Amino acid sequence: MITVDKKNRPRARVLLPIWETVDGRPVGWLAAYKTPVKAAHLANNPATTYSYWNPRQNAVFIDSTSTWIDDMETKQYAWDLYRKGSPAGVGYNPRNFWSGGVTDPGYQLIRIDPWRVQVLRGTDLSSRIWTEEGRR
């Protein structure tokens, strides 16, 4: 996850969002601790980038808006996605980090709404790009 501070300096951190498709568009959920730095960055500028890479040089870059979510129903929904894995094989038992379950005060949730997703294939550097505008 990459955010920017008030001086527009980037800050990267390794986090594990889970993803689903809702009404034909990608939506991410990020179980996270609401650290002072992360909270300040998102309050100042909710624009974020997430990226993935593997040793075959394949990569994905997700430009998005990230928003803290406080309602318990949505927090439970994301908790359950982490437990079962979304997509399959991705996820973990969130109780390993938040032993109090979905009501643990340390468990916070960020919704990720991408506006651009680039999938880059390392073998030939070809890429596919999905944009929010491209859906219209």
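**Student:** Which residues make up helix α1 (residues 36-44), and what are the values?
**Tutor:** Every buried residue of α1 is listed here: Lys-38, His-41 and Leu-42. In a view along the axis of α1, the buried residues occupy a sector of 90°, so they form one face of it. Away from the buried face of α1 by more than 90 degrees, exposed residues Pro-36 and Ala-43 are located. Of the surrounding elements, those touching the buried residues of α1 are β1 (2-4), β2 (10-12), β4 (25-32), β5 (47-53), β6 (59-69) and β7 (108-120).

**Student:** Help me get a handle on the environment of Thr-35, residues and values and all.
**Tutor:** Within the secondary structure, Thr-35 is located in the loop between β4 and α1. Note: C-alpha distance between Thr-35 and Tyr-82 (47 residues apart in sequence) is 20 Å. Reaching out from Thr-35, the side chain makes a polar contact with the backbone nitrogen of Lys-38 at a distance of 3.2 Å.

**Student:** Lay out the nonpolar core with the relevant residues and their values.
**Tutor:** Formed by 25 residues in total, the largest nonpolar core has its most connected members in Trp-29, Leu-30, Tyr-50, Tyr-107 and Ile-110. Contributions of two or more residues to this core are made by β3 (18-22), β4, β6, α2 (72-84) and β7. Considering every element that reaches this core, the biggest residue donor is β4, with 5 residues.

Reading the values: the criteria
Residues numbered from 1 in each chain as written. Predicted model: local features only at pLDDT ≥ 70, side-chain atom pairs only at ≥ 80, totals over all residues. Heavy atoms only, no water. Buried < 20%, exposed > 50% of the residue type's maximum accessible area, 1.4 Å probe, protein only. Helix = DSSP H or I, 4+ residues; strand = E, 2+ residues; numbered from the N terminus. Arc of directions from axis to C-beta. Contact = heavy atoms within 4.5 Å. Polar contact = N/O pair within 3.5 Å; in protein donor to acceptor, adjacent residues only side chain to side chain. Core = buried A, V, L, I, M, F, W, Y, C linked by side-chain atoms within 4.5 Å.

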